[in-house]
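Residue strings, one per chain:
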Amino acid sequence: MLARSTRACLLGVAVALLAGCSSGKSEPTPKEQATPPPPPAPAPPRVTLGDVKSTQDAQAQEIARLGAELKAQDAQQSFLVAELKTLSEQVSKLKASLEEAESAVRQMRASATPVPPDSRPAAPPAPPPGSAPVIVTAPPAPAAPAPPPASESPPPPPAPPATAAAPPRNVEAERMYAAALARLRAGEDGQAALEFAEFVTQFPTHPLAASAQNNIGEAFYRQRDYRQAAAEFQKTVDTYTLAPQVSEALLKIGLSQRAMGDSAAARTTWENLVKQYPKSDAARQARALLAAKPGSPR
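All figures in this text were calculated on a predicted structure; none of them were measured in a lab. Residue indices begin from 1 for each chain and proceed along its sequence in written order. Reporting of local features is limited, given that this is a predicted model, to residues whose pLDDT is at least 70; pairs of side-chain atoms are given and counted only at 80 or more, and all residues count toward the totals for whole chains, interfaces and linings. Based on all heavy atoms of the structure, the side-chain values leave hydrogens and waters out of the count.

Is there a simple way to think about the side chain of T236 in this case?
Helix and strand assignments follow DSSP, with helices taken as H or I runs no shorter than four residues and strands as E runs no shorter than two, numbered in order from the N terminus. Here T236 lies in helix α7 (residues 226-239). Burial classification: accessible surface area is computed with a 1.4 Å probe over protein chains only, and a residue below 20% of its type maximum counts as buried, one above 50% as exposed, and the rest as partly exposed. The exposure class of T236 is buried, given its relative accessible area of 0%. What makes two residues a contact is simply this: any of their non-hydrogen atoms within 4.5 Å. In this structure, T236 is in contact with A210, Q213, N214, Q245, V246 and A249, ignoring residues within four places of it in sequence.

Help me out: how do you make sense of helix α8 (residues 243-259) in this one?
Along an α-helix, residues three or four apart share an orientation, since each turn contains 3.6 residues. Between the first and last C-alpha of α8 there are 24 Å, a value that for 17 residues agrees with the 24 Å anticipated at 1.5 Å per step. With 13 of 17 residues buried, α8 lies mostly within the body of the structure. Once α8 ends, the next one or two residues include G261, with phi positive near 95°. Take the residue count of a helix, subtract one, and multiply by 1.5 Å to get its expected span.

For this particular structure, what's the right way to read the packing of aromatic side chains?
Any aromatic ring pair is given by two values, namely how distant the centres are and how the planes are angled relative to each other. Here a Phe, Tyr or Trp ring, Trp counted by its six-membered ring, pairs with any other such ring whose centre lies within 6.5 Å, and the pair is stacked when the planes are under 30 degrees apart, edge-to-face when over 60, and tilted otherwise. Within the structure shown, the criterion is met by 4 aromatic pairs. On the basis of an interplanar angle of 65° and a centroid distance of 5.6 Å, the ring pair of Y177 and F199 is categorised as edge-to-face. Of the two residues, Y177 sits in helix α4 (residues 171-185) while F199 sits in helix α5 (residues 189-202), which places them 22 residues apart along the sequence. Of the two residues, Y177 and F199, neither departs from the other in class, the shared state being buried. For the ring pair F199 and F203, a centre distance of 5.4 Å and an interplane angle of 50° mean the geometry is tilted. Of the two residues examined, F199 and F203, each falls in the buried class.

Looking at this structure, how should I read helix α9 (residues 263-276)?
Its 14 residues place the ends of α9 20 Å apart at the C-alpha level, agreeing with the 20 Å of an ideal helix rising 1.5 Å per residue. Taken together, the buried positions of α9 are A266, T269, W270, L273 and V274. Buried residues in α9, looked at end-on, bunch into an arc of 140°, giving them a common side. For α9, the exposed residues lying more than 90 degrees away from the buried face are A264, K275 and Q276. On its buried side, α9 packs onto α8 and α10 (281-291). Relevant arc is that of directions from the helix axis to the C-beta atoms, nothing else.

Any chance you could explain the pattern of salt bridges here in plain terms?
Where charged atoms from two side chains of opposite charge come close, those side chains can pair. The working definition used for a salt bridge is a side-chain nitrogen of Lys or Arg within 4 Å of a carboxyl oxygen of Asp or Glu. Considering all chains together, one arrives at 7 salt bridges under this definition. In this structure, E62 engages R65 in a salt bridge whose closest nitrogen and oxygen atoms are separated by 2.3 Å. Separated by 3 residues within a single helix, E62 and R65 lie in helix α3 (residues 49-112), roughly one turn from each other. We classify E62 as partly exposed; its relative accessible area is 35%. The salt bridge partner of E195 is R183, with a shortest N-O separation of 2.5 Å. Placement of E195 in helix α5 and of R183 in helix α4 is noted, with a sequence separation of 12 residues between them. Relative accessible area serves as the criterion here: at 32%, R183 is assigned to the partly exposed category.

Coordinates in, geometry out; function isn't part of it.
Below, the structure written as structure tokens:
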């Protein structure tokens, strides 16, 4: 009986120990209860055929846009090169005009200088060989004038002959023009336009006034103010009559009109230039511009 009770106790203890071990393994610890489980890894995005096509279309559009921009930049560069060439030709012609004006002034001064007459009498022609010598008698000396009466005063000596004076050189105007031209060549377009405008106001009849008015238009043209440039060049056409300056103004009016997008007006202006001044350098450039294909940079 005792042995049975002892066995029962031992069996109960063993069952309790087994139950404690199993409960210790199944229940989570406090630390395990506080830590949340890691989130599941996101699934990789699915790339469809439509997405690939959209990406390719976007890349093709971007390449086409970049190609168009590159083409436009090339055309603009060609246009700027042509404009630079035109400006260089304009500077050369202005320099030639200035040299011609200075040469004309020098010629005017030389022609106005009085030439002293030759005081030596001309020698008589030699007689032909074999002829008798001709005796030349001296003309009788003029009678001495009678002395004036004591009561009368002697007549005043004759006044020296008047000589034509050379036209004075306007040094101030030439200095002002040269200073304004230097500013234009240095790229100071605004200040150059102001100084040329002051020159035209102070010296409207100077030989360089037409060139100064054209340079005002040139300054606005270089600043891409084509409307004001055309107006300034038109003042040259309306005010002056010098063929080189007026033909040059007509050429630049056409370039300004073309830059503003009015190609028809530009062609009309160049055609009038060719008709009015067919032998000018500006007419030669106008013919080249008229012969060029529409839209081609020159």
